[in-house]
Amino acid sequence: MRQGYSFNFGSRRSKIVPYLLLVPGLLFYLFVSFGPSIATAGYSFTDASGLLGSPLRWIGLDNYKEFLLLGANVRDNLDITLRTLLFSVLVTVFQTLFGLIAAVLLDMRLKFTNFYRTLYFMPIILGVTIVGLVWTLFFYPIGGPAQRFLGLFGAHSEFLGGSPSSVFYWIVWIQIWANMGVTMIIFLGGLQTVPAELREAARIDGASGWQVFRNVTFPLITPSLNTNVLLEIIGSLQAWQLFLVIKGPTNGLNVLGLWVYALAFGRQSNNPTSVAMRQGYGAAASMILFLLVLVIGMASQSLLSRRERRILG
Amino acid sequence: MSTILESAAPGKRVPRSAGATARLLGPKTLAMLVLAAIALVYLLPILTVLNVSLKSRQAFDLNPTSIATEFRLANFAEAWKRASFPVYITNSLAYAATATLIYSATAVFVAFPISRKYVRGSGFLFGLFIVAMFLPSALIPQFQMMLHLGLYNTRLGYVLLFLVDPMGIIILVNYIGSVPRELDEAAMMDGCDYVRYVARVVFPLVKPALASVIALHAIGVWNDYATALIYLPKKAFMPITRGLMVFYGQYGNDWTTLAAAMLMLLIPMVILFLALQRWIIDGILQGSLRG
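What counts, and where the lines are drawn
Residues numbered from 1 in each chain as written. Chains lettered and ligands numbered in written order. Predicted model: local features only at pLDDT ≥ 70, side-chain atom pairs only at ≥ 80, totals over all residues. Heavy atoms only, no water. Helix = DSSP H or I, 4+ residues; strand = E, 2+ residues; numbered from the N terminus. Buried < 20%, exposed > 50% of the residue type's maximum accessible area, 1.4 Å probe, protein only. Contact = heavy atoms within 4.5 Å. Areas by Shrake-Rupley, 256 points an atom, 1.4 Å probe, with all protein chains shown as cover. Phe/Tyr/Trp six-rings, centres within 6.5 Å; stacked < 30°, edge-to-face > 60°. Lys NZ or Arg CZ within 6 Å of the ring centre and 35° of its normal. Buried area = accessible area lost by both parts, 1.4 Å probe. Polar contact = N/O pair within 3.5 Å; in protein donor to acceptor, adjacent residues only side chain to side chain. Nonpolar A, V, L, I, M, F, W, Y, C, P; charged D, E, K, R; others polar. Lys, Arg positive; Asp, Glu negative; His and termini not counted. Salt bridge = Lys/Arg side-chain N within 4 Å of Asp/Glu carboxyl O. pLDDT = per-residue confidence, 0-100. Axes fitted to C-alpha atoms, helices over the stretch in contact; angles between N-to-C directions. Parallel < 35°, antiparallel > 145°, perpendicular 65-115°, else oblique. Left-handed = near helix turned anticlockwise from the far one by under 90°. Patch = residues over 30% accessible without salt bridge, like charges linked within 9 Å, V, L, I, M, F, W, Y side chains within 5 Å.

A. Molecular detail of the overall build of chain A. Scanning chain A for helices and strands turns up 13 helices and zero strands. Counting helices and strands in the order they occur from the N terminus, chain A gives α-α-α-α-α-α-α-α-α-α-α-α-α. When burial is assessed residue by residue, chain A has 53% of its 313 residues classed as buried. For chain A, the share of sequence-separated contacts (at least 6 apart) that also reach a separation of at least 24 residues comes to 68%. Of the accessible surface of chain A, which amounts to about 14,500 Å², a share of 63% is contributed by carbon and sulfur atoms.

Take a look at the structure:
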């Protein structure tokens, strides 16, 4: 690690000034975000509720036992966990694929490239509420655009009245629609670092467009591929807000992040005294999600960096 | 034509005849067709909102998809009146402005000494911010804390939750690393004091990164729905996202008015996006580099 530089601003006493000025930002972070994140582990061993003044008891591993082994909802919890994994796999695979295709095509610098890049990237600023409502309207069940459009292919959309499993796949699609722009931008950044001479040299040697991509471009953008895959895996495992806006907690459609919310705050958390709000149990579910993110995130990180070392040395 | 539509449909693979089609049309034409198809996937849902917002209730019930034949703004007036828009938008603007201002000012004073290693344990402190995305959700203990501090259902409590953004710190630390240290040394030699140096020299120098941080943070606060759902049940305190969902809950079948309401939010955001696009893209690229 780099050694600290000498600090020599103003008088001797002023050496504490940087510390004093750092404190507000650091304290906000520690109290509002970092501390509560860590405290989730503690709460997961209690029977905390969201009611003010209710006693807090230490109940050891009971929440975990109920979630994983003994409770009436073990089967549902397993379904929810598997659905979270499925969501993550689908989003990661297809968002990477679509983002890569879009970036490679934009990198060809054809007509309207700037317009297309702006358009594909735009949903980033819309937020879950607008995105959720726009697509809910698009999937309007009685003669809505999606229904007519998909009807051309003999398919049908039953977004609002449909079964949870078909809604699930449409949420995968909407999640990708909303976030593909980030993937694309990161790939575009990577593509710009590939020297044009390398590609030209390969072409002169008689490589086809696909061969150039496969053997020259794609290996060289490994760092942006790794960044994208890791961001997508973590982001999609933790995702829940799009589910919240589009359907809210719904049997057969919940993912872990949404389930944590449902357990801790109830279906409609309009006031803190209205529902049971099992926050200790919710914290345990939150820790299970955390462990999934940790294990899967670290495993993919190590696989990806091993591949990067093999390719780029 | 079928190539365009098929590649635009979700989950559909590019047809196997892609190679043959490419030879027939030339790779450039094929690429342009695919780009246009993706553009349709992005434009159609937005255009649907525009189309529905111009329709009368009867016309929508008759056929939601047909192109609006008249240009009527009645839905917009209706939405503005019924959705308590002025209250919600004022709230959203106030939350986004306050939180972003306080956050970005404190963030530079966190990021600068960490990046320069002017404080002990800089590496450790930076690590605290980097691990943020892996940590368990802070949702539940945060709620307990706010409840016990009496900050539930208060504007202060809500804004407090947005004075934090690890991504912004990472962007700033990375960027400050590229600002030459000779400037610090020159200022030290001149006997400039720390506060003045950061305020007068560092802030202007990191403007590009700061612009990204400000844009991303403000967008994040503006778009928040879940935190507002949990913490702000009182209607007078709700931001526009929450207000829109309340409106959706009450008038869920009245899509023509709802579409007008959505559009009134969408249009200013798209304009703002066009203006800030560069900073947003820079910010996302910088934030994704965490070494």
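B. Examining the packing of aromatic side chains more closely. Taken as a whole and assessed by the stated rule, the structure comprises 38 aromatic pairs over all chains. Relative to A:Phe265, the ring of A:Tyr261 has its centre 5.8 Å away and its plane inclined at 35 degrees; by these criteria the two rings are tilted. Here the residue A:Tyr261 and the residue A:Phe265 both occupy positions in helix H12 (residues 256-265), the gap between them amounting to four residues, near one helical turn. A:Tyr261 gets classed as buried once you look at its relative accessible area, which sits at 0%. Seen from their ring centres, B:Tyr248 and B:Trp255 are 5.7 Å apart, and the 55 degrees between their planes marks the pair as tilted. What makes B:Trp255 buried here is its relative accessible area of 3%. Positioned over the ring face of A:Tyr281 is A:Arg278, at 4.3 Å from the centre of the ring.

C. Representation of the interface of chain B and chain A within the structure. Listed by partner, the interface residues are 102 residues for chain B and 105 residues for chain A. A buried area of about 9,700 Å², summed over both sides, lies between chain B and chain A, and 79% of it is on carbon and sulfur atoms. Three residues stand out in chain B for area buried against chain A, namely B:Leu35, B:Tyr42 and B:Ile140, and they jointly supply 8% of the buried area on that side. Viewed at the interface, chain A and chain B are joined by 13 residue pairs in polar contact (both at pLDDT 80 or more). When residues of the side of chain B that touches chain A are assigned to their parent elements, the largest contribution, 18 residues, is made by helix H3 (residues 27-54) of chain B. In terms of residue class, the side of chain B that touches chain A is made up of 78 nonpolar, 15 polar and nine charged.

D. Main features of the side chain of B:Asp224. Residue and element names in this part refer to chain B. Locating Asp 224 in the fold gives a position in the loop between helix H13 (207-223) and helix H14 (226-231). For the buried Asp 224, no salt bridge is present, and the opposite-charge side chain at shortest range is Arg 242, 9.0 Å distant. Within polar-contact distance, the side chain of Asp 224 engages the backbone nitrogen of Ala 228 at 3.0 Å. Beyond its immediate chain neighbours, meaning those up to four positions away, Asp 224 contacts Tyr 158, Phe 162 and Thr 241.

E. Fine view of the confidence of the model for chain B. Residue and element names in this part refer to chain B. Model confidence for chain B is summarised by a mean pLDDT of 87, while 91% of its residues fall at 70 or above. Confidence scores differ between elements of chain B, with helix H1 (residues 2-8) showing the lowest mean pLDDT of 38 and helix H9 (residues 155-160) the highest of 97. Within the model, pLDDT remains below 50 along residues 1-14, and this stretch shows 17 contacts once partners closer than five positions in the same chain are excluded. Model confidence for the complex is summarised by a pTM of 0.89, with the ipTM given as 0.88.

F. Up close: the packing of H13(B) against helix H16 (residues 255-288) of chain B. Residue and element names in this part refer to chain B. In contact at an axis separation of 8 Å, H13 and H16 are set at 140 degrees when each is read in the N-to-C sense. Judged on the interaxial angle alone, H16 and H13 are oblique. The handedness of the crossing between H13 and H16 is left-handed. On the side of H13, the interface is formed by Pro 208, Ala 211, Ser 212, Ala 215, Leu 216, Ile 219, Trp 222 and Asn 223, while H16 contributes Leu 265, Met 269, Leu 276, Trp 279, Ile 280, Asp 282, Gly 283 and Ile 284. Its residues assigned to classes, the contact of H13 with H16 comprises 12 nonpolar, three polar and one charged.

G. Looking closely at a nonpolar patch on the surface. Judged by side-chain polarity, A:Leu198, A:Leu220, A:Ile311 and A:Leu312 come together as a nonpolar surface patch covering roughly 280 Å² of accessible area. With respect to the helices and strands, the residue A:Leu312 is situated in helix H13 (residues 279-312).

H. Summary view of the side chain of A:Asn226. Residue and element names in this part refer to chain A. Following the sequence through the fold, Asn 226 ends up in helix H10 (residues 222-238). Within the structure, Asn 226 has its side chain in polar contact with the backbone oxygen of Leu 304 (distance 3.3 Å). Of note is the side chain of Asn 226, whose polar atom sits 2.8 Å from the side chain of Glu 308. Not counting residues up to four positions away in its chain, the partners in contact with Asn 226 are Leu 304, Ser 305, Arg 307 and Glu 308.

I. Representation of the packing of helix H7 (residues 164-191) of chain A against H16(B) within the structure. Packing of H7(A) against H16(B) leaves a shortest axis separation of 10 Å and a crossing angle of 75 degrees. Comparing the axis directions of H7(A) and H16(B) gives the class roughly perpendicular. For the pair H7(A) and H16(B), contact is made by A:Val182, A:Ile185 and A:Ile186 and by B:Ile281, B:Ile284, B:Leu285 and B:Ser288, respectively. In terms of residue class, the contact of H7(A) with H16(B) is built from six nonpolar, one polar and no charged.

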